[in-house]
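Observations on the model geometry
Here is what each chain is made of, one letter per residue.
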Amino acid sequence: MKLVVEDKVDFEQIRKRLESDQELLGIFNPNNSREDIIDKFNDVLDQALLDFIDTKLDLYNKLSEDKANATLKRLWFNSLYDARIRGLGSRQ
């Protein structure tokens, strides 16, 4: 599996979420079996991955709406056109 920079950024966000989940951190204690800790960890990670996918899908759905899609295309095109063709802005 080859990761690109964006993947590494996403992985880091998920890792930080795991490390800040107080319920998950609370299960990491000697009173719980390793298997119980692993089960809880896997549940929390699975939920974090589902939330991540939902967030990305929600963004995709928003940007796929006709009005938002047309606006986004127009704005990004104009910005790139101004920079590359007209010599305006910082993207020369």
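Placed above this text is the structure.
Figured I'd write up the structure that's included with this text. (Residues numbered from 1 in each chain as written. Predicted model: local features only at pLDDT ≥ 70, side-chain atom pairs only at ≥ 80, totals over all residues. Heavy atoms only, no water.)

**Comments concerning the overall build of the protein chain**
Summing up its helical and strand segments, the protein chain has four helices and zero strands in all. Along its sequence from the N terminus, the protein chain presents helices and strands in the succession α-α-α-α. In summary, the protein chain has a C-alpha radius of gyration of 21 Å against a globular reference of 12 Å for 92 residues, an excess of more than 25%. C-alpha atoms of the protein chain, sized along the principal axes, occupy 65 × 30 × 25 Å. Out of the 92 residues belonging to the protein chain, those deemed buried represent 11%. Taking all contacts inside the protein chain whose residues are at least 6 apart in sequence as the whole, residues at least 24 apart take part in 31%. When the accessible area of the protein chain is evaluated, it comes to approximately 7900 Å², of which 56% is carbon and sulfur surface. (Helix = DSSP H or I, 4+ residues; strand = E, 2+ residues; numbered from the N terminus. Rg over C-alpha atoms; globule rule 2.2 N^0.38 Å. Buried < 20%, exposed > 50% of the residue type's maximum accessible area, 1.4 Å probe, protein only. Contact = heavy atoms within 4.5 Å. Areas by Shrake-Rupley, 256 points an atom, 1.4 Å probe, with all protein chains shown as cover.)

**Points about the pattern of salt bridges**
According to the stated counting rule, one finds seven salt bridges in the structure shown. A salt bridge links Arg 15 to Glu 12, with the shortest nitrogen-to-oxygen separation between them at 2.1 Å. In this pair, Arg 15 and Glu 12 are both assigned in helix H1 (residues 5-20), three residues apart and thus about one turn of the helix distant. Taking relative accessible area as the criterion, Arg 15 reaches 35% and is therefore assigned partly exposed. (Salt bridge = Lys/Arg side-chain N within 4 Å of Asp/Glu carboxyl O.)

**With respect to the side chain of Asp 10**
Considering the arrangement of structural elements, one finds Asp 10 in helix H1. Beyond its immediate stretch of four places on either side in the chain, Asp 10 contacts Phe 52 and Lys 56.

**Some points on the side chain of Lys 40**
Looking at the secondary structure, you find Lys 40 in helix H3 (residues 34-64). In terms of polar contacts, Lys 40 uses its side chain to reach the side chain of Glu 23, at 2.8 Å. Those residues in contact with Lys 40 that sit more than four places away from it in its chain are Glu 23, Leu 24 and Ile 27. (Polar contact = N/O pair within 3.5 Å; in protein donor to acceptor, adjacent residues only side chain to side chain.)

**Some remarks on the environment of Ala 48**
Structurally, Ala 48 can be placed in helix H3. In this structure the C-alpha to C-alpha distance between Ala 48 and Leu 3, which are 45 residues apart in sequence, comes to 19 Å. Filtering out sequence-adjacent residues up to four positions away, Ala 48 remains in contact with Ile 14 and Arg 17.

**A look at the packing of H3 against helix H4 (residues 66-84)**
Between H3 and H4, whose axes approach to 5 Å, the crossing angle comes to 85°. By the angle between their directions, the pair H3 and H4 is classed as roughly perpendicular. Residue-level contacts link Lys 62, Leu 63 and Ser 64 of H3 to Asp 66, Ala 68, Asn 69 and Leu 72 of H4. Tallied by class, the residues present in the contact of H3 with H4 amount to three nonpolar, two polar and two charged. (Axes fitted to C-alpha atoms, helices over the stretch in contact; angles between N-to-C directions. Parallel < 35°, antiparallel > 145°, perpendicular 65-115°, else oblique. Nonpolar A, V, L, I, M, F, W, Y, C, P; charged D, E, K, R; others polar.)

Note that every value here comes from positions in space, so none of it alone points to a role or purpose.
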